[in-house]
Amino acid sequence: MGRITLDKVTKKFGDVEVIPPLDLTINDGEFVVFVGPSGCGKSTLLRLIAGLEDVTDGEIRIDGKPATDLPPAKRGLAMVFQSYALYPHMSVRKNIAFPMKMAGMPEDEQKRRIENAARALNLTDYLDRRPGQLSGGQRQRVAIGRAIVREPAAFLFDEPLSNLDAALRVGMRMEISELHKKLDTTMIYVTHDQVEAMTMADKIVVLRAGNIEQVGSPLELYRNPRNTFVAGFIGSPKMNLIEGAEAKKHDAATIGVRPEHIDVSASEGAWKGRIGVAEHLGSDTFFHVHDTGLAETLTIRAGGEVDLHHGDTVFLTPQADKIHRFDGQGLRIS
Amino acid sequence: MARAVSTRRKAGYTIAAWIIGLAIFFPILWTIVTSFKTEAEAISSPPSFMFFQWTTENYSTVMERSNYFRHFWNSVVISLGSTVLGLIIAIPAAWSMAFVPAKHTKNVLMWMLSTKMLPPVGVLIPIYLIFRDVGLLDTKTGLVIVLTLINLPIIVWMLYTYFKEIPGEILEASRMDGASLRDEIIYVLTPMAVPGIASTLLLNVILAWNEAFWTLNLTAAKAAPLTAFIASYSSPEGLFYAKLSAASTMAIAPILILGWFSQKQLVRGLTFGAVK
Amino acid sequence: MATQHSRSAARIMISPAVLLLLAWMIVPLALTIYFSLLRYNLLMPGTERFVGFLNYRLFYENPAFWTAMLNTLLLVGGVLIVTVVGGILLAILLDQPIWGQGIVRILVIAPFFVMPTVSALVWKNMFMNPVSGLFAEFSKAVGLQPFDFLTHAPLASIIGIVSWQWLPFATLILLTAIQSLDSEQMEAAEMDGASPLSRFWYITLPHLSRAITVVILIQTIFLLSVFAEILVTTNGGPGVASTNLTYLVYARSLLNFDVGGGSAGGVVAIILANIVAIFLMRMIGKNLDA
Ligand SMILES: Nc1ncnc2c1ncn2[C@@H]1O[C@H](COP(=O)(O)OP(=O)(O)OP(=O)(O)O)[C@@H](O)[C@H]1O
Ligand SMILES: [Mg+2]
């Protein structure tokens, strides 16, 4: 059980309103990702849910019960911190046991749960080590283990992978996704990495300056971004946004075309430009095209074998049905 | 600095540093050496450094003359008692300042330190009279109370600087894990801060051990610690250098030995946690 | 990280310390001020009466008071200069590659462990004594007239003794600070062609400013109330040549049993300390945040 409802939740630090009144419902078992640029209030929102900060106004309900004034310990949530926040003076075993010890759980039940968690997280061999003697990935797993054993109503993650190197991050990303499938418990996951958001989420919440810009499944956000901010934020490389005369032709203030929705040719097409940097990744090639008269740079994603290089003149054609149109306020025109 | 230094330069630095180090240490060394001389030898001219008849008679004389162990025990009780009491009061206070800083935290801290600047003489008379009236004069309890209050600001400050190095996220994690405030302080904060607490403890034991204003003015005989024991040697009586040296050695030896064995914590403590 | 819960807990947890210190400050302070307005001599019980500012006037008109005031400042200032300058030089030396660095460090810190009464007695008798002290022996050995330190230069001698006690502290803090100086910064400056002196002036010294502040703050706290060293060596003399405020008040109230007069001196000492404290706090408030 882990249905979390935020009702007009507001947070001010002094006079600064970091979260303006915000409504959000997170359903039981959902994997929800908060994304947004740095400083937009993702961590703050998560900490409000955790109870580590007081809401200035509004109400938080967990499984229908008011939780606004409950201390963190009473909310039945578990949190995994960016820095892991392991207790450095306790062994891995003691770290994992700590929440159960605090709850006064019988010893043998503690032991059983520790062993299960250790097996699931590949930590069995490390139970008697101190956190200082573990690698980053192992520490991460201990932090997750400490969260699992409590069988919380929901897991809260605050950028749990940002301290890991790229390869490990991909691995842990999958482990967390698998864990979610297995436990089927609500998870709220904060990141500013939109790849993590796209690959893990059932539901993405895009935040900007404390406001929810859009909520939806990854593909919904990819296909139908509600405004230019979401359009630019979701998808990698970023969507090309074009203003001016070319947008006018489509009866819009701004049009957007994703790099993968532009066809490239050496001989003919709608737009003409010159290739700046060409990134050949093998499977794909990214061209950064200049001098189109449309925007400073257009990013194009082409097949891996396209034989075009720096300085070449190219012709570009956007796929007509993949053009997103936005009005003067940046809102989507459907 | 990882760089090759010529052996000659290193030798130069070494000689200079050792000369200065020995010069600074010399008064202590000289006191210890003199304590093993006879009184006659102690004032012989020219003085001898090594080649004399070593004797321990001064130590027995000092022991006979005054009750060293009682003074020693008083010093132990007073310095340890006031420090431990101070820690018990200061740990929660430092927790508050380090982890729940409010607008006025800095000011409160500064104010606490400023009470240290209150010159003892300014308040000596009322304390003396109050203690006289409630019967705390010349008692260990009285001195423990005074020294706790005297050193409290420094203990709070040191703990505050050490606590601030502990990431708040770890304490938050314990809160998420269901720890009450008491659990948080006992099971998480205190064990993590052990090195800092040890340094604080050591430094304050030393400060209290060496405190020589209140201990001299508030004690007569019963509760007199080693500072007072030694002060009784301030008026010369015949030949007394060797005995003075022996008594001095006995007064400072406990702390010197303690310092030797806990150098690392002490060096940390000596910087009052203020410099990393 | 603050919630209403933790904020109220914090207020409760800090209150014992705050209340105790508040009581420690206010109760004796109020009594001292009260006594200072009385004629109150322990030898004449029952004759206490209100005399207004008479005690202050007597104190103020007493030339010993001004000497004591000046001596207090000279003592604090003198020791600060010796220990800070000496501490910087010593710290730089100890930062160099040295064989047996750990042992040298112990030797240098040792004086800090010596209680003031002991160090004063040792210096007075075994070093500064004009007849059989080591300094006298040394003078005789090189054919000079032995100098009677505590008679002819009492304050300077006491400054010397107190400096010896506090030099370790200054050195250690400054050494710790120097060792935390990023060596790449030094190397970069060296690459830029800065001479050792200008490296010291433009890099080391600014880096040390915080540590120097700490040294000054903490030492001033202790130096304003130097007492045992004077009691044991000179008893404030000859005359009042080495009497500081602390000692003057002690002499007045506990030797002459003049509680009223002593209290007036105590109040003056408090005012002086506050003036110094305000200066220090200004300076430190700025420097401690960094
Ligand atoms: N304790 C605090 N006091 C005052 N302002 C704060 C506090 N904590 C956060 N803020 C401000 O609130 C805003 C949101 O911060 P928050 O940490 O939630 O951002 P974030 O989205 O998690 O950013 P990042 O991706 O960098 O972690 C920021 O502008 C920050 O400066
Ligand atoms: Mg964040």
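Residues numbered from 1 in each chain as written. Chains lettered and ligands numbered in written order. Predicted model: local features only at pLDDT ≥ 70, side-chain atom pairs only at ≥ 80, totals over all residues. Heavy atoms only, no water.

Focus on the overall build of chain A
Along the backbone of chain A there are nine helices and 18 strands. By the burial criterion, 52% of the 334 residues in chain A qualify as buried. Within chain A, counting contacts between residues at least 6 apart in sequence, those at least 24 apart form 63% of the total. Approximately 15100 Å² of chain A is accessible, and the part contributed by carbon and sulfur atoms is 48%. Separation between the mean location of the 41 positive side-chain charges and that of the 45 negative ones in chain A comes to 5 Å. (Helix = DSSP H or I, 4+ residues; strand = E, 2+ residues; numbered from the N terminus. Buried < 20%, exposed > 50% of the residue type's maximum accessible area, 1.4 Å probe, protein only. Contact = heavy atoms within 4.5 Å. Areas by Shrake-Rupley, 256 points an atom, 1.4 Å probe, with all protein chains shown as cover. Lys, Arg positive; Asp, Glu negative; His and termini not counted. Charge placed at Lys NZ, Arg CZ, Asp CG, Glu CD.)

A few points about the domain arrangement of chain A
Residues and elements named next belong to chain A. Domain assignment breaks chain A into domain 1 (4–230) and domain 2 (238–326). Spacing between the C-alpha centres of domain 1 and domain 2 amounts to 38 Å. Roughly 510 Å² of surface becomes buried between domain 1 and domain 2 when both sides are summed, with 61% attributable to carbon and sulfur atoms. In terms of surface lost to domain 2, no three residues of domain 1 exceed Tyr222, Pro225 and Thr228, which account for 83% of the buried area on that side. The tally of links from domain 1 across to domain 2 stands at zero salt bridges. Per-element tally for the side of domain 1 that touches domain 2: the top contributor is helix α7 (residues 218–223), with three residues. (Domains from an automatic or database assignment. Buried area = accessible area lost by both parts, 1.4 Å probe. Salt bridge = Lys/Arg side-chain N within 4 Å of Asp/Glu carboxyl O.)

Topic: the interface of chain C and chain B
Think of interface size as the accessible area that goes away when the parts come together; that is how it is often given. At the interface, 101 residues of chain C touch 105 residues of chain B. Carbon and sulfur atoms supply 81% of the area that chain C and chain B bury against each other, a total of about 9200 Å² over both sides. Across the contact surface, chain C and chain B share zero salt bridges. Of the residues forming the side of chain C that touches chain B, the biggest block, 20 residues, is contributed by helix α1 (residues 4–36) of chain C. Looking at side-chain class alone, the side of chain C that touches chain B contains 75 nonpolar, 18 polar and eight charged residues. (Nonpolar A, V, L, I, M, F, W, Y, C, P; charged D, E, K, R; others polar.)

Points about the sheet that holds strand β3 (residues 31–35) of chain A
All names here are of chain A. Read across the open sheet, the six strands follow the order β6-β7-β8-β3-β9-β10; overall the sheet is mixed. Each having just a single partner strand, β6 (77–80) and β10 (211–216) make up the two edges of the open sheet. Across this sheet, the average inter-strand angle for adjacent strands is 15°, counted without regard to direction. Sheet topology places β3 next to strand β9 (residues 203–208); four bridges connect them, and they run parallel. Residue pairing for β9: Phe34 is matched across the bridge by Val205. Here helix α1 (residues 42–50) sits on the sheet in contact with β3, β6, β7 (154–158), β8 (186–190) and β9, set at roughly 150° to β7. (Pairing = 2+ DSSP bridges. Axes fitted to C-alpha atoms, helices over the stretch in contact; angles between N-to-C directions.)

So, the nonpolar core
Of all hydrophobic cores here, the largest spans 221 residues; its most connected members are Phe34(A) and Trp214(B). Counting residues per element, this core draws most heavily on helix α8 (residues 154–179) of chain C, which supplies 16 residues. Ignoring anything within four residues of it in the chain, the contact list for Trp214(B) reads Pro120(B), Val123(B), Leu124(B), Ile127(B), Leu143(B), Val146(B), Ile150(B), Thr219(B) and Trp24(C). Val92(A), Ile148(A), Leu179(A) and Met187(A) belong to the second largest nonpolar core, which has 44 residues in total. (Core = buried A, V, L, I, M, F, W, Y, C linked by side-chain atoms within 4.5 Å.)

Here's the deal with the UniProt feature "transmembrane region" (unreviewed entry) in chain C
Residue and element names in this part refer to chain C. According to UniProt, the positions carrying the feature "transmembrane region" (unreviewed entry) are residues 12–35, 64–94, 106–123, 155–178, 208–228 and 264–284. End-to-end, the C-alpha atoms of residues 64–94 are 43 Å apart, and along that stretch the chain is 100% helix and 0% strand. In this annotation, residues 208–228 is assigned 81% helix and 0% strand; the end-to-end C-alpha distance for the span is 31 Å. (UniProt positions renumbered as here; feature names shortened; annotations may be inferred.)

Quick word on the UniProt feature "domain: ABC transmembrane type-1" (unreviewed entry) in chain C
Per the UniProt entry, the sites bearing "domain: ABC transmembrane type-1" (unreviewed entry) are residues 69–280 of chain C in this numbering. Along residues 69–280 of chain C one finds 76% helix and 0% strand; the C-alpha atoms at either end are 18 Å apart.

Focus: the pattern of salt bridges
All chains considered together, the criterion is met by 19 salt bridges over all chains. Glu61(C) is paired through a salt bridge with Arg57(C); the nearest N and O atoms lie 3.4 Å apart. Note that Glu61(C) and Arg57(C) are positioned in helix α2 (residues 54–61) at a spacing of four residues, about one turn of the helix. One connected set of salt bridges, linked through shared partners, spans Lys11(A), Arg47(A), Glu53(A) and Glu172(B).

Examining the sheet that holds strand β5 (residues 65–66) of chain A
Residues and elements named next belong to chain A. Read from one edge of the open sheet, four strands run β2-β1-β4-β5, paired in antiparallel fashion. In this open sheet, the two edge strands, each paired with only one partner strand, are β2 (16–26) and β5. As paired strands, strand β1 (residues 4–13) and β2 are joined by seven bridges and run antiparallel to one another. Residue pairing across strands places Thr5 opposite Thr25, the latter belonging to β2.

A look at the packing of helix α3 (residues 63–95) of chain C against helix α4 (residues 101–109) of chain C
Two measures define how a pair of helices packs: the angle their axes make with one another and the distance between the axes. All names here are of chain C. Two numbers describe how α3 lies on α4: the axes approach to 11 Å, and their chain directions differ by 160°. Taken together, α3 and α4 sit at an angle that is classed as roughly antiparallel. The way α3 lies across α4 gives a crossing that is left-handed. On the side of α3, the interface is formed by Leu90, Leu94 and Asp95, while α4 contributes Gln101, Val104 and Val108. Residue composition of the contact of α3 with α4, by class: four nonpolar, one polar and one charged. (Parallel < 35°, antiparallel > 145°, perpendicular 65-115°, else oblique. Left-handed = near helix turned anticlockwise from the far one by under 90°.)

Describing the environment of Met126(C)
Mapped onto the elements, Met126(C) comes out in helix α5 (residues 116–127). For the pair Met126(C) and Ala136(C), spaced 10 residues apart in sequence, the C-alpha to C-alpha distance is 9.6 Å. If near-sequence neighbours (up to four positions away) are discounted, Met126(C) is found in contact with Trp30(B), Thr31(B), Thr34(B), Tyr241(B), Ser245(B), Leu121(C), Gly133(C) and Leu134(C).

Let's talk about the packing of helix α7 (residues 140–164) of chain B against α1(C)
With their axes 10 Å apart at the nearest point, α7(B) and α1(C) run at an angle of 115° to one another. Looking at the two axes, α7(B) sits roughly perpendicular to α1(C). When the axes of α7(B) and α1(C) are compared, the crossing they make is left-handed. Residues Val146(B), Leu149(B), Ile150(B), Leu152(B) and Pro153(B) of α7(B) form the contact with α1(C), whose participating residues are Ala17(C), Leu20(C), Leu21(C) and Trp24(C). Along the lines of polarity and charge, the residues of the contact of α7(B) with α1(C) split into nine nonpolar, no polar and no charged.

Describing the interface of chain A and chain B
In this assembly, 24 residues from chain A lie in contact with 15 residues from chain B. Around 1600 Å² of area is buried between chain A and chain B when both sides are counted, 65% of it from carbon and sulfur atoms. On the chain A side of the contact with chain B, Tyr87(A), His89(A) and Met102(A) bury the most area, a combined 29% of that side's loss. Between Arg47(A) and Glu172(B) there is a salt bridge; the shortest N-O distance is 2.7 Å. Summed over the shared surface of chain A and chain B, the result is six residue pairs in polar contact (both at pLDDT 80 or more). Contributing elements (two or more residues each) for the side of chain A that touches chain B: α1, β6 and α2 (92–102) of chain A. If you tally residues by element for the side of chain A that touches chain B, the top one is α2(A), at four residues. (Polar contact = N/O pair within 3.5 Å; in protein donor to acceptor, adjacent residues only side chain to side chain.)

Description of helix α3 (residues 57–65) of chain B
Residue and element names in this part refer to chain B. Taken together, the buried positions of α3 are Asn58, Tyr59 and Val62. Buried residues in α3, looked at end-on, bunch into an arc of 100°, giving them a common side. The inward-facing, buried residues of α3 contact α1 (7–34), α2 (39–42), α12 (226–231) and α13 (241–261). (Arc of directions from axis to C-beta.)

Quick notes on the environment of Thr56(A)
Residue and element names in this part refer to chain A. Along the chain, Thr56 falls in the loop between α1 and β4 (57–62). Distance in space between the C-alpha atoms of Thr56 and Ala295 is 43 Å, their sequence separation being 239 residues. Not counting chain neighbours up to four residues away, the residues in contact with Thr56 comprise Thr10, Lys11 and Lys12. Within polar-contact distance, the side chain of Thr56 engages the backbone nitrogen of Lys12 at 2.8 Å.

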